[in-house]
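Residue strings, one per chain:
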Amino acid sequence: LREFYKELIHIRREKTCLRTGTFKTLIADGMIYGYIRSDEESSIVVIINNDTKRNKIDIPLDKKNMLDLMTNTEYVIKEGILEIELDAMSGAILK
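Structural notes, computed from the coordinates. (Residues numbered from 1 in each chain as written. Predicted model: local features only at pLDDT ≥ 70, side-chain atom pairs only at ≥ 80, totals over all residues. Heavy atoms only, no water.)

1. Some words on unusual backbone geometry
Turning to step 1, where the next piece is worked out: In this model, Asn72 sits at a positive phi of 65 degrees, which is unusual for a non-glycine residue.
Turning to step 2, where the next piece is worked out: Position of Asn72 relative to the elements: it lies in the loop between strand E5 (65-67) and strand E6 (74-76).
Turning to step 3, where the next piece is worked out: Look at Asn72 and you get exposed, because its relative accessible area is 59%.
Turning to step 4, where the next piece is worked out: The phi dihedral of Glu79 is positive, around 55 degrees, even though this residue is not glycine.
Turning to step 5, where the next piece is worked out: Within the secondary structure layout, Glu79 lies in the loop between E6 and strand E7 (81-86). (Helix = DSSP H or I, 4+ residues; strand = E, 2+ residues; numbered from the N terminus. Buried < 20%, exposed > 50% of the residue type's maximum accessible area, 1.4 Å probe, protein only.)

2. A closer look at the sheet that holds strand E1 (residues 22-29)
Turning to step 1, where the next piece is worked out: Within the open sheet, the four strands sit side by side as E1-E2-E3-E8. Their pairing is antiparallel. The sheet is open, and its two borders are formed by E1 and strand E8 (90-94), each paired with just one other strand. Going across the sheet, the axis of each strand differs from the next one's by a mean of 10 degrees, ignoring polarity.
Turning to step 2, where the next piece is worked out: When strand E2 (residues 32-38) meets strand E3 (residues 43-49), the two strands line up antiparallel, connected through seven bridges. Its bridge partner being in E3, Tyr33 is matched across the sheet by Ile48. (Pairing = 2+ DSSP bridges. Axes fitted to C-alpha atoms, helices over the stretch in contact; angles between N-to-C directions.)

Below is the structure:
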């Protein structure tokens, strides 16, 4: 658990947009919440599945691919839609 929080702190320190960037909600649907934070240097998408079950989430994004900074999983965005499945009570931090 300690390593998990250390990684979150490292990502926040490394990505200035998570501290000072603009904020825009991408999805708010029941127990699913996602937002994007952006500044001149970068953009980060955070998606949270606060549900007790696994969920498939579709989010419109104007990008070609995204990398999960916690798992190094790469997602290809098809026709402007990010399709991601998140386990219960989990999330993703994507750049």
